[in-house]
Every structure is written in C-alpha cells, then in structure tokens.
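Here are the chains, one letter per residue:
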Amino acid sequence: MELSLDFASYTWWSIYTTVAFFILAIFGFIFKWGFRFRLIGATGFMGVLTVGLFALSFGLFSRADIPNAVRFNLVYDTGTNQAVIAVPLDITPSQLEATLQQASINLFSYGRTASNGDDKLTIRARAQLHQEGVTFPLYLGQIRRSLVQKDDLNSIITISEANFAKIDSFTQK
C-alpha cells in the first residue's frame, strides 16, 4: 500500500478531527461525563498534530524529476560536501548525466558546509560489477556544484568513458 505525501489534505482532516474532539469535550463538561478531561487531552494532542501536519504541508519533501533520470540510492553522504549514489549497471551515459543532475538538486541543502577548503558539493555515481565471486565498484561519473546557490547553472559533470568500457567488456564475456 502506497501512501501519498499530500500533507495539505491530511491537515484539513486533522483540523476536522480536532474540532470534533473540541465539541465532544464541550459536551463532556456540559453533561459532566467522567472522561471529559481525557477529551481535553485528546483535543490538545490533535491540535499539536494539526500544527505539525500544517508545517509539513509547506513542501519539505519536494523532489526534482529530471526526464531520462534513473532511480538511485544514496550510499554515502558526509553531510558537508561529498556524497556517493549507487546506480544500476545497465545505465547509459545520457541517463547518468540526468541522474547526476537530479541527485544534485535533491541532495542540495543550505546546511551543507565546505570541508578541506572545497566549496563545491561533489556527488559521485557508482555501480557494482559482480564477476566470479568478486565485486568491483566502478565510479561512472560525478557532478560538482555550488554549496550556496540553489539553482547552480555552472555544475560540472564528468562521465568516465573508461569505466563504461569496462562494464561493456565484462558483460560481453
């Protein structure tokens, strides 16, 4: 079962539920129900939940969708200026370029800092080649972009043609 991340609609349903608990709490005090204070607690909890969902509805989970990009997994991230993503072995150079662009947009954060004097975010893409009981990590390319500009137009993408040739030579055996 896949849930959507539409927090705006969740917020509205949470508001309705909070109002319902509030009305029940008022009736609890009017009719002197024994669990009226529990209804006050439930109303307060729903209020806090509603505020949290409202904050999440501002789009904290927005992700870029670049055409021709393939799915990738984040393997390593220092939280500063280096990250490594894993891509499938059958990726093409054009797909890798699109995937690196998508990863650079998705992994950008204003909280990243420069380390070792390098003020560029470097994201490397690797695939794993399994051959005769041995696994070879092959770095297929990388992208270097600014740590401070969200829309960096000067990103540098490097594709390793030699490692793509290694993949072709190993898979043809």
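Residues numbered from 1 in each chain as written. Predicted model: local features only at pLDDT ≥ 70, side-chain atom pairs only at ≥ 80, totals over all residues. Heavy atoms only, no water.

Here we look at the side chain of serine 146
And then number 1: Tracing the backbone through its elements, the reader meets serine 146 in strand S4 (residues 134-146).
And then number 2: If we ignore the near neighbours within four places in the chain, the residues touching serine 146 are Phe108, Asp119, Lys120 and Asp152. (Helix = DSSP H or I, 4+ residues; strand = E, 2+ residues; numbered from the N terminus. Contact = heavy atoms within 4.5 Å.)

Some words on helix H1 (residues 7-30)
And then number 1: Between its terminal C-alpha atoms H1 stretches 34 Å, which fits the 34 Å expected from 24 residues at 1.5 Å a residue.
And then number 2: Residues of H1 that are buried: Phe7, Thr11, Ser14, Thr18, Ala25 and Gly28.
And then number 3: In this structure, the buried side of H1 is in contact with helix H2 (36-56).
And then number 4: Downstream of H1 by a residue or two, lysine 32 has a phi angle that is positive, lying close to 55°. (Expected span 1.5 Å × (residues − 1). Buried < 20%, exposed > 50% of the residue type's maximum accessible area, 1.4 Å probe, protein only.)

Points about the pairing of strand S1 (residues 73-77)
And then number 1: The pairing of S1 with strand S2 (residues 82-86) spans four bridges and is antiparallel. Residue pairing for S2: leucine 74 is matched across the bridge by isoleucine 85.
And then number 2: Hairpin connection, S1 to S2: the antiparallel pair is bridged by four residues, and glycine 79 has positive phi, about 85°. (Pairing = 2+ DSSP bridges.)

A look at the sheet that holds strand S5 (residues 156-159)
And then number 1: Overall, mixed pairing links the five strands, which are arranged S1-S2-S3-S4-S5 in an open sheet. Every interior strand has two partners, whereas the edge strands, S1 and S5, have only one. The mean angle between the axes of side-by-side strands here comes to 25°, regardless of whether they run parallel or antiparallel.
And then number 2: In terms of strand pairing, S4 meets S5 through four bridges, oriented antiparallel. The residue of S5 that forms the bridge with glutamine 142 is threonine 158.
And then number 3: Against the sheet, helix H4 (residues 161-171) engages strand S3 (120-131), S4 and S5, with an angle of about 155° to S4. (Axes fitted to C-alpha atoms, helices over the stretch in contact; angles between N-to-C directions.)

A word on the nonpolar core
And then number 1: Core analysis: the biggest nonpolar cluster contains 21 residues, and Ile85, Val87, Ile91, Leu96, Ile123 and Leu140 have the highest contact counts within it.
And then number 2: At the level of elements, S2, helix H3 (93-106), S3, S4 and H4 are the ones that each hand at least two residues to this core.
And then number 3: Leucine 96 has contacts with Val87, Ile91, Ala125, Leu140, Gly141, Ile159 and Phe164, leaving out every residue within four places of it along the chain. (Core = buried A, V, L, I, M, F, W, Y, C linked by side-chain atoms within 4.5 Å.)

Observations regarding the packing of aromatic side chains
And then number 1: With the rule as written, the count across this model stands at eight aromatic pairs.
And then number 2: With a centroid separation of 6.3 Å and an interplanar angle of 40°, the aromatic rings of tryptophan 12 and tyrosine 16 are classed as tilted. Here tyrosine 16 and tryptophan 12 lie together in helix H1, a separation of four residues that amounts to about one turn.
And then number 3: In this structure tyrosine 16 comes out as partly exposed when scored by relative accessible area, which is 49%.
And then number 4: Among the aromatic residues, those joined into a cluster by ring pairs are Phe27, Phe31, Trp33 and Phe35.
And then number 5: Residue placement shows arginine 124 over the ring face of tyrosine 139; its charged tip is 4.1 Å from the ring centre. (Phe/Tyr/Trp six-rings, centres within 6.5 Å; stacked < 30°, edge-to-face > 60°. Lys NZ or Arg CZ within 6 Å of the ring centre and 35° of its normal.)

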